[in-house]
Every structure is written in C-alpha cells, then in structure tokens.
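Results of the structural survey
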Amino acid sequence: MRKTILGVILLSAGTLAFEITLPRIFAAGQWYHFAFMAVSVALLGFGASGTALTLWPRPVASPQNWMHRFSAGFGASIVLSYLIVNYIPFDSYRIAWEPIQFVFLAVYYLALTTPFFFSGAVVGTLLSAEGYPVNQVYAANLVGSGLGALVALAGLTWLSAPGAVLVAAALGLAATIAFTPSRTTHHASRITQYAIRITPSILILVFLILALKPPILFDVRMSPYKTLSSLLRYPGTEVTFTGWNAFSRVDAVESSTIRSYPGLSLGYMGPTPEQAAITIDGDNLTPITSTENEDALAFLDALPTAFPYQLVDTPKTLIIEPGGGLNILQALHQGASPITAAEDNPLIVDVVRRQYGDYAGRPYTRPEVSVEIENGRGFARRAVVAGETFDLVHISLADTFKVVNFGAYSLTESPAYTVDAFRDFYRLLSDDGVLMIPRWLQLPPSESARAAATAIAALGAEGVEEPAAHLLAYRSFKTMTLLVKRRPFTADEVNTARRFAAGHSFDLVAAPGITPDDVNQYNVLEEPLYYQTFQALLGPDRADFIAGYEYDISPPTDDGPFFFHYFRWSQIDEILATFGKTWQPFGGSGYLVLFILLGLAMLASGTLILLPLVIRRLRRPTDTGEFSDQPRYTRIGTLIVFFALGIGYLFIEIPLIQHFVVFLGHPTLAFATVLLAILVFSGIGSLLAPRVPLIPGFIALSLGATLYPVLLRPILSATLGIPLLARLIVAVLTLAPLGIFMGVPFPRALAVVERIDPQLSPWAWAINGCASVLSSILATMLAISIGFSAVLAVAGGAYLAALLAITPLTPSATASTSEMSSMIH
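Residues numbered from 1 in each chain as written. Predicted model: local features only at pLDDT ≥ 70, side-chain atom pairs only at ≥ 80, totals over all residues. Heavy atoms only, no water.

**With respect to the sheet that holds strand β2 (residues 248–254)**
Heads up, the rule is: A pair of strands is labelled paired if DSSP reports no fewer than 2 bridges between them. Helix numbering and strand numbering both begin at the N terminus, where a helix is a DSSP run of H or I of at least 4 residues and a strand a DSSP run of E of at least 2. Here an angle of 0 to 180 degrees is reported between the N-to-C directions of two axes, which are lines fitted to C-alpha atoms, with helices fitted over the stretch in contact.
Strand order in the open sheet formed by four strands is β1-β2-β3-β4, and the pairing between neighbours is antiparallel. Each edge of the open sheet carries a strand with a single partner, namely β1 (238–245) and β4 (283–289). The sheet shows a mean angle of 20° between the axes of neighbouring strands, taken without regard to direction. Relative to β2, β1 is paired through seven bridges, and the arrangement is antiparallel.

**Quick notes on unusual backbone geometry**
In most cases, non-glycine residues show a negative phi, while peptide bonds are predominantly trans. Quick reminder of the rule: Categorising residues by exposure relies on relative accessible area from a 1.4 Å probe, with only protein chains included: less than 20% of the type maximum marks a residue as buried, more than 50% marks it as exposed, and the intermediate range marks it as partly exposed.
Following Ser 337, the chain continues into Pro 338 via a peptide bond in cis, with omega recorded as -5°. Inspection of the secondary structure puts Pro 338 in the loop between α11 (326–333) and β6 (339–342). The omega torsion of the bond from Leu 443 to Pro 444 falls at -10°, within 30 degrees of zero and hence cis. Looking at the secondary structure, you find Pro 444 in the loop between β9 (429–440) and α15 (447–461). With a phi close to 50°, Asn 284 is a non-glycine residue in the positive phi region. Along the polypeptide, Asn 284 turns up in strand β4. Accessibility expressed as a relative area gives 16% for Asn 284, which makes it buried.

**A closer look at a negative patch on the surface**
This is how it is decided: Patch building starts from residues that exceed 30% relative accessible area and form no salt bridge, then joins like charges within 9 Å and nonpolar side chains (Val, Leu, Ile, Met, Phe, Trp, Tyr) within 5 Å. To measure how exposed things are, a 1.4 Å probe is used in the Shrake-Rupley method; for residues, cover is taken only from the protein chains shown. Basic side-chain nitrogens of Lys or Arg form a salt bridge, by our definition, when they fall within 4 Å of a carboxyl oxygen of Asp or Glu. Under this rule, positive means Lys or Arg and negative means Asp or Glu; His and the chain ends count for nothing. All charge positions are set by atom: Lys at NZ, Arg at CZ, Asp at CG, Glu at CD.
A contiguous patch of negative charge, built from Glu 238, Glu 254, Glu 274 and Glu 292, is present on the exposed surface. Tracing the backbone through its elements, the reader meets Glu 254 in strand β2. For Glu 254, a relative accessible area of 31% translates into the label partly exposed.

**As for the sheet that holds strand β11 (residues 479–485)**
Here we have eight strands laid out as an open sheet, ordered β7-β6-β5-β8-β9-β11-β10-β12, and mixed in their pairing. Strands with a single pairing partner mark the edges of an open sheet, and in this sheet they are β7 (369–372) and β12 (507–510). Taking each pair of neighbouring strands and ignoring which way they run, the sheet shows an average axis angle of 20°. Summarising the sheet, β9 and β11 pair through seven bridges and their orientation is antiparallel. Among the inter-strand pairings, Leu 435 is bridged to a residue of β11, identified as Val 484.

**Observations concerning helix α13 (residues 376–386)**
Note the threshold: Residues are treated as being in contact if the distance between any of their heavy atoms lies within 4.5 Å. Under the rule applied, a polar contact is a pair of N or O atoms within 3.5 Å (in protein, one hydrogen donor and one hydrogen acceptor; residues adjacent in sequence only if both atoms are side-chain atoms).
Among the residues of α13, those classed as buried are Gly 376, Arg 377, Gly 378, Phe 379, Ala 380 and Ala 383. Check the buried side of α13 and you find it contacts β5 (317–320), β6, β7, β8 (390–395), α14 (419–427) and α22 (661–664). The N-terminus of α13 is capped by Asn 375, whose side-chain oxygen sits 2.9 Å from the backbone nitrogen of Arg 377. Downstream of α13 by one or two residues, Gly 387 has phi in the positive range, about 80°.

**Digging into the packing of α13 against α14**
Counted only if it meets this: Should an angle fall under 35 degrees it is called roughly parallel, over 145 degrees roughly antiparallel, and 65 to 115 degrees roughly perpendicular, with every other angle called oblique. In this scheme the crossing of two helices becomes right-handed for a clockwise turn of the near helix relative to the far one and left-handed for an anticlockwise turn of less than a right angle. Note on residue categories: nonpolar means Ala, Val, Leu, Ile, Met, Phe, Trp, Tyr, Cys or Pro, charged means Asp, Glu, Lys or Arg, and polar means any other residue, Gly included.
Contact pair α13 / α14: the axes reach a minimum separation of 9 Å and the direction vectors enclose 50°. One finds that α13 runs oblique with respect to α14. Helix-helix and strand crossings are classified by hand; for α13 and α14 the assignment is left-handed. Side by side, α13 and α14 meet where Gly 376, Arg 377, Ala 380, Arg 381 and Val 384 of the first sit next to Asp 420, Ala 421, Asp 424, Phe 425 and Arg 427 of the second. Class assignment for the residues of the contact of α13 with α14 results in four nonpolar, one polar and five charged.

**Quick look at the pairing of strand β10 (residues 471–475)**
Across the five residues of β10, five count as buried, placing the element largely inside the fold. In β10, alternate side chains face the same way, and those of Leu 471, Ala 473 and Arg 475 on one face and Leu 472 and Tyr 474 on the other are all buried. Turn length for the β10-β11 hairpin, with the two strands adjacent in sequence and antiparallel, is three residues. Two elements, β10 and β12, share three bridges in a ladder whose sense is antiparallel. Within β12, the residue paired with Tyr 474 across the bridge is Leu 508.

**Quick look at the environment of Leu 285**
Looking at the element boundaries, Leu 285 is found in strand β4. Note: C-alpha distance between Leu 285 and Ile 258 (27 residues apart in sequence) is 9.6 Å. Contacts of Leu 285, omitting those with residues within four sequence positions, involve Thr 227, Leu 231, Ser 260, Ala 277, Ile 278, Thr 279 and Thr 400.

**Concerning the pattern of salt bridges**
In this structure the tally under the stated criterion is 22 salt bridges. The residue Glu 462 makes a salt bridge to Arg 423 at a minimum N-O spacing of 2.7 Å. Of the two residues, Glu 462 sits in the loop between α15 and β10 while Arg 423 sits in helix α14, which places them 39 residues apart along the sequence. The partner of Arg 487 in a salt bridge is Asp 431, with the nearest N and O atoms 3.6 Å apart. With Arg 487 in the loop between β11 and α16 (491–503) and Asp 431 in strand β9, this pair connects stretches of sequence that are 56 residues apart. Classification of Arg 487 as partly exposed rests on a relative accessible area of 41%. Look at the salt bridges and you will find they share partners, linking Arg 377, Arg 381, Arg 423, Asp 424, Arg 427, Glu 462 and Asp 558 into a network.

**Some remarks on the packing of aromatic side chains**
This is how it is decided: Two rings from Phe, Tyr or Trp (for Trp, the six-membered ring) form a pair when their centres are within 6.5 Å of each other. A pair whose planes differ by under 30 degrees is stacked, one over 60 is edge-to-face, and the rest are tilted. In this scheme, Lys NZ or Arg CZ marks a charge over a ring once it lies within 6 Å of the ring centre and within 35 degrees of the ring normal.
Under the criterion given, the structure shown has 26 aromatic pairs. Look at Phe 46 and Phe 116: their rings are 5.6 Å apart centre to centre, the planes differ by 65°, and that puts the pair in the edge-to-face class. Placement of Phe 46 in helix α3 (residues 44–55) and of Phe 116 in helix α6 (residues 100–128) is noted, with a sequence separation of 70 residues between them. Phe 116 gets classed as buried once you look at its relative accessible area, which sits at 0%. Note on Phe 563 and Phe 564: the rings are 5.1 Å apart at their centroids and 85° apart in plane angle, and the pair reads as edge-to-face. Here Phe 563 matches Phe 564 in class, with each residue buried. Through successive ring pairs, a cluster of aromatic residues spans Tyr 417, Phe 422, Tyr 551, Phe 563, Phe 564 and Tyr 566. It is Lys 316 that lies over the ring of Phe 390; its NZ or CZ is 4.9 Å from the centre.

**Section: the side chain of Gln 330**
Structurally, Gln 330 can be placed in helix α11. On the basis of relative accessibility, which here comes to 0%, the residue Gln 330 falls in the buried class. When sequence neighbours within four positions are dropped, the list of residues in contact with Gln 330 reads Leu 300, Leu 303, Thr 305, Ala 306 and Tyr 309.

**Side note on the nonpolar core**
Quick note on the threshold: As used in this record, nonpolar core signifies buried Ala, Val, Leu, Ile, Met, Phe, Trp, Tyr and Cys residues forming a set joined through side-chain atoms within 4.5 Å.
Counting residues in hydrophobic clusters, the biggest one holds 138 residues, and the most contacted among them are Leu 127, Phe 642, Leu 645, Ile 652, Leu 656 and Phe 660. Among the elements that make up this core, the one with the highest residue count is helix α27 (residues 760–786) (14 residues). Apart from the residues lying within four places of it in its own chain, the contact partners of Leu 645 are Phe 698, Pro 745, Phe 746, Ala 749, Asn 768, Tyr 799 and Ala 802. If you look at the next biggest cluster of nonpolar residues, it comprises 47 residues, including Ala 416, Val 419, Ile 456 and Tyr 530.

**Focus on α15**
One turn of the α-helix equals 3.6 residues, which is why residues spaced by three or four share an orientation. Put simply, the rule reads: Multiplying 1.5 Å by the residue count of a helix minus one yields the expected span of that helix.
Under the 1.5 Å per step criterion, the end-to-end length of α15 is 21 Å for 15 residues, consistent within 8% with the ideal 21 Å. Those residues of α15 not exposed but buried are Glu 447, Ser 448, Ala 449, Arg 450, Ala 451, Ala 452, Ala 453, Thr 454, Ala 455, Ile 456, Ala 458 and Leu 459. Each element contacted by the buried residues of α15 is listed here: α14, β9, β10, β11, α17 (529–538) and α18 (542–547). One or two residues past the end of α15 sits Gly 463, with phi positive at roughly 90°.

**Looking at the confidence of the model for the protein chain**
Where we set the bar: Note: pLDDT gives the predictor's confidence per residue, expressed from 0 to 100.
Averaged over every residue, the pLDDT of the protein chain is 85; the share at 70 or more is 88%. Across residues 619–630 the pLDDT falls below 50, and counting only partners more than four positions away or on other chains, this stretch makes 14 contacts in the model. Here residues 812–824 is modelled with pLDDT under 50, and outside its nearest four sequence neighbours on either side it reaches 22 contacts, counting other chains as well.

Following this line, the structure appears as structure tokens:
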C-alpha cells in the first residue's frame, strides 16, 4: 500500500507540474487566451478516464495489472503530446479561411487530453477499486498535486518550460516503478520482466539529462504574429539571451530595426540612440537604450514622460516595471534622485545588469537607483503602510501596443491598473507629488479612457471633491499621458504644461481651465474625441456615459482586475459581420473565446457524463431494498453532488490566488503559496474525513468560502508591513482551516456512493473531472463579470447544493462518524 501511495503522489506531482507548465508554453508560443482554452479542454482527460472506467471496469477489478501501464502511458504521452502541439501548424487567426485548421485543432486537443486521461485513469481506478482507502488515495492525490506546483515552479525557474515538461514525464515514469507489481504475469519471459523494470529507470535518466539542456527539437515554436518573430524576419537580427522563469520567457534581441521611443515628439529632429530590446513571452518589447552617444540622449527631453520632471526639482521617484531601463535612464537624465525601481521580473534585471550594463549606462546599478524585485502594486501597498512618500510615481508603459479587437490581454489580470492600486499610488505622493500613467492611444478611446475613469474613481474614493482640478492629460501621436496630482494643479503648472505641449507638438486633452480651442492642434482628428471623452468622464453624468460607451471602460477593482477587458455584448453583431473578413476573427477575442470554450466544454462534458447512462445503464443493486423506490434519484443525486464538488473546489482556489497577490508581492509567489497550502491541507482534510461529521463539515466549508474575503481582509492589512517570510507563514496559516475542510467532502461523498452501488464510483470521478473543466472557465467568466469575492460566494452555494443532494443518499442524516469511517475504509 505504501508503494501505491508513493506512486499516486509522484503521478499527481507530474500531472500538476505539466498542467502548470502548459500555460507558460502556450503564452510564449501562442497567446494567453488561447493557452487558457487549450489547457482547460485538455483537463477533460480526467473526465474521459472516469467515463472509460465506467464502461470498461476491468482495471478496477485488477488495479495492480493496470496502474503501471497507465502511469507509463502518462509519462510517454507527455513528451509526445508536447512535440505534437509544438509542431502542428495550427493558426487560430486562419481558422475563418482554412478548414484544415479545425483538423489541426482537433489533433491539438486529442494530444493534450491524452496525458490527463492516463493520469486520471490511475486515480479513478484506485478510488473505485476495493482494498484502497478512498481518503488515503485522495489525500495522496492532493498532496502530490501540491508538490507538483513546486516542481513546476522550480523547473520553470531553474531549467526551462521544455525542461519542466521532461521533469513531469520523469515523475510519471517514477510512478510507474512504484506501481509495477513485484511479480509480473507468468507468461512473460525473464527478458520481458527485466525490460519492464529497467526501461522506466533508463527513460527517467534520459529525460532528466535532457531537461538540463533540451535539444533544439524541444524549443517552443512561436506564433509568427509575435513581436520577436517579426524581428527575426529582418536580416542581422540576433537573439543574445533566452531564459525562463515561473511566469515568463525572456529574450534579449539585437537588431538594427529596433526603435522604441514611446510617444516621441514628431517635431524632434535630433539623433536617436541605438537600442537592443527584451521581449517577454515573445511580445511586450521593452527597449535597452545605448548611452554611448550622449548627444543622442537629447531625445529623452522630447518624450511625453519628460514633463513631470519640470514640476519638481530632483524628485524622489518610484518607477513601476522599468523593464529594459528606458524610464530609469530618463529619470537620471532629468536629475531625479533617489530612484526606486520596482521590477517584478528578476530575469530582466539580470540581463540588463550582466549583459548590457555598460551599453545601457548601468541603470540598475547606479548609486541613485535602488531596485526592488517585487510586483509594483505590492511594493506600493507596503510603502504606504510604512509611511514612505515619493514626488513622482511613474507606471511604465510596459506592454506592446495592441488594438482593442485583438483581445490578447483581456483575460490577464493587471493589479497595477485598478481603483485600489491607484489609491495606493495616490497615497504614496508627497504634498506636490504626481502620479504619471502613460497609455497607448486607440480610436475610439479605450485604454486612455479607462485609465482616466479609474483615476477619477480613485480620487473620489480618496475624498477629492473636484477630480478635474487634480488631473492633467496630453497626447502625442501614439500615446496618452495622464497625470494625477496630490494637490490641485496651479495656473503656473498648467501654463508650463501648455508650453511643454506646444514645444513638442503634443495636444492637451484635459487640464484645469482649458477650452475646446486649446485642444486638437497638432495631431489633428476630425473631432476632438479624446477631449470630449475626458470631459464626459469628468462631468456629472459620468456613470451614464460609461454605461453607454462602445467599450467597457468601467473602472476595474482588485476584485476584478481586468483592465484590458473591453468587451460588450453589443459588439457581437459587428464580430459576426466581420468574421472571415478580417485577420482577427474573434473581435474582442479573449472574453468571447471563453464562451466558445464553455460551449465546447459543455458539449464534451455532457457527452462524457451521459455516455455511460446510454451505453451501460447504471443500476443500483436492489437486494437491500433501501432505495428500490428511487433508483433514478441515486443517479441524479450522484450527478449533482460530484458536479457541485468539482465546481466548488476551483471556485475557491482561483479567487484565493488573486487575494494574495498584493499581500505576497508577486503573482507567482501567490500562486505557488495558495496552491501548495490548499492542496496539502486538503490532503490532511481527506485523511481526517472519517472523523468529520457530514453536515457540519459541509456547512462550515460553505460558510467559510462565502465569508473568507471578509475574514481575510483585516488580517492581511494588519500584517502587510512584516517581512516576506513572516507574510508567507501568515498566508499558509490563514489558508489552512479552509484547505482542511475542502479535503473532506469528496471522500465522504464517494464513500456514500460506493455503499449504494460501486459502479457509480468511476462515473462520479468522471462527473467531478468534467465539472473541474467547466469551473476553471466559469470562475474566470464570473470574476470578470461580478468579481472574485462573488465567485467565492458561488463556491459556498455549490457546497451547500452538494450537501442538500447527498443528504437523501446517506443511511441517515445523522450517520455516526464510525459508520462513515467504515465506508471510507
């Protein structure tokens, strides 16, 4: 039994490691929203395994003969599926014109589903077979999954995404060794028996060696539409560095074509410096600017972001996400001191320091500059708690320009662009301090309009009665620069802005006292749309204007930090009208892709759940006579219970990750901490399940999920200023109670179902797996629409629904724990 538990832990660790690595691979090779779609559908493999075991129960009858085969299939199929999806020429933007793309997509999903099918088959077999305690098997599955999160993060950080895939495959093969019976069938020759035992060990060694330096065959193939792919099409372009960590692929690239001076005045006629660049996941180019030609650095005075330095002498400056160092270089050029650079990607800082230090003027090692390797939002919140202030807070324009219809970032969370974040940045300002927020221009106004709406909402929340007096905005040909001042802008400061704008051919958009005659003078539009939009946002009918706007520009909050989500249902007609006539077939794609995915997942899940009922009707034994009058409810109750459990678990897990991002200072650290704590403590809860009363356990979990945001807020706020290690301990301790209760329902419910009819167990596993796929999609959709706290409340409702559905199936609503313990064991 110990070897079996070890095998489950190893297999579960490999499974979750692969599951976490896949989004990294797809985010680098394709786009984030497509990565989300591919991984979600791939998880249908768990549901498919339960359906297969229901229709073909032979592995359940003799698990020892099948577990090592399934785990070997998992280890081998991981590598094969990765290579298949990496080399199939699937192009989501040609799908409207090329029917072959649907074939490629089908192969894509089949390849991705296969490893999860084999992994699910092992766990489903053990949960359904006699002689294997349900709570122990489930606990091993949860604890192994928690360890898998650490494996993935370590593999991505110290190896690469392909290396992490090979490590996941090695873990699956290690599970094969643990599952291999001490004696094989007497039909097998000695050579065959020896091969069965030695082959996994050899493959493990090969995979681990390859993981250290994967061959070219394993390199992630990148979409031709990525910025890095476009650069590489120019002669002489060279990638000088490629590195991975847990949340990005970073490439340093040199090319004579790189020219990145966001918003540079069209009136600037001087020289510009040579540049290299860094790309993140093949996109989001951030320049590394050469300082070798000092005369060329005059361009820094012609950037829109130069103006705030004219308002304060030698400002104490905070730069959020400085990337390749252009904004640090500008701050130094303008005489700022001291400068704090909050950059959350250590790979970027390391590349600029080590490889381009002399080239770029050593922006990260200058004595005036202190570097914080931390999410800018988390740093800001802690700085507020510590009482620190800055004369200038600059949120860097860290992402590449993308038209709104592209939708590539609509599912990404942007914790620096929320009302709560802007309030923190505002509180960091000294008495005459300025917050600078540059954004890309789009028509009709979208990014700039939402940034303004968010800033205005933040000012209102801080008690500012006249936001217009604290806000100034101007635009270049391509960018909008929004300034928010702690005190109202004075007449002299507005006049300084007028002179700066006129001197560089920038157009004022919003400032105290400006009129329609002051705007739209240099980069001329038919109508002064930006000025009109800002006036509407600053007017008394702001709420009505936002509600009726073409795009969703409502101010995002920490509870729904989706700054780049602009989709409205009114866009559907236009999307359908242009489908097949534009290279961006999905319109406001990210969010709409979720609905497409949900439809596909519902169809596939419904098929997998109902197929056993159609092909092999599940009949409950009637010899006891206890439920002979309601066999239909047995199946309906089982469906409701395990579907609700699958929905509830991820509806808790996903929002909790978001709640800890600011507290721990980095999304990856929050992800790893929450996932590890929830899964490991759920494993402990599974072991304790026989001792937890059924009804009180469900009720406690339902109430806990609903109330957790309210209970967490004062604890996290009170401990935000303590050191990181202490914050990690606080995070784990606050997650422990909920995690323990989350591990109780599944083994208790499965024990009830097994008592009624053992044939229902693999079907219950199929239902739970399919519900998990749907919950990962629905949780994101609901978070965008109603916020993460509401998703937790829905999770509480799901567990309550599971309780109501399981109560009629139990021998007694007050079944003793000893009786339930015998069922589980």
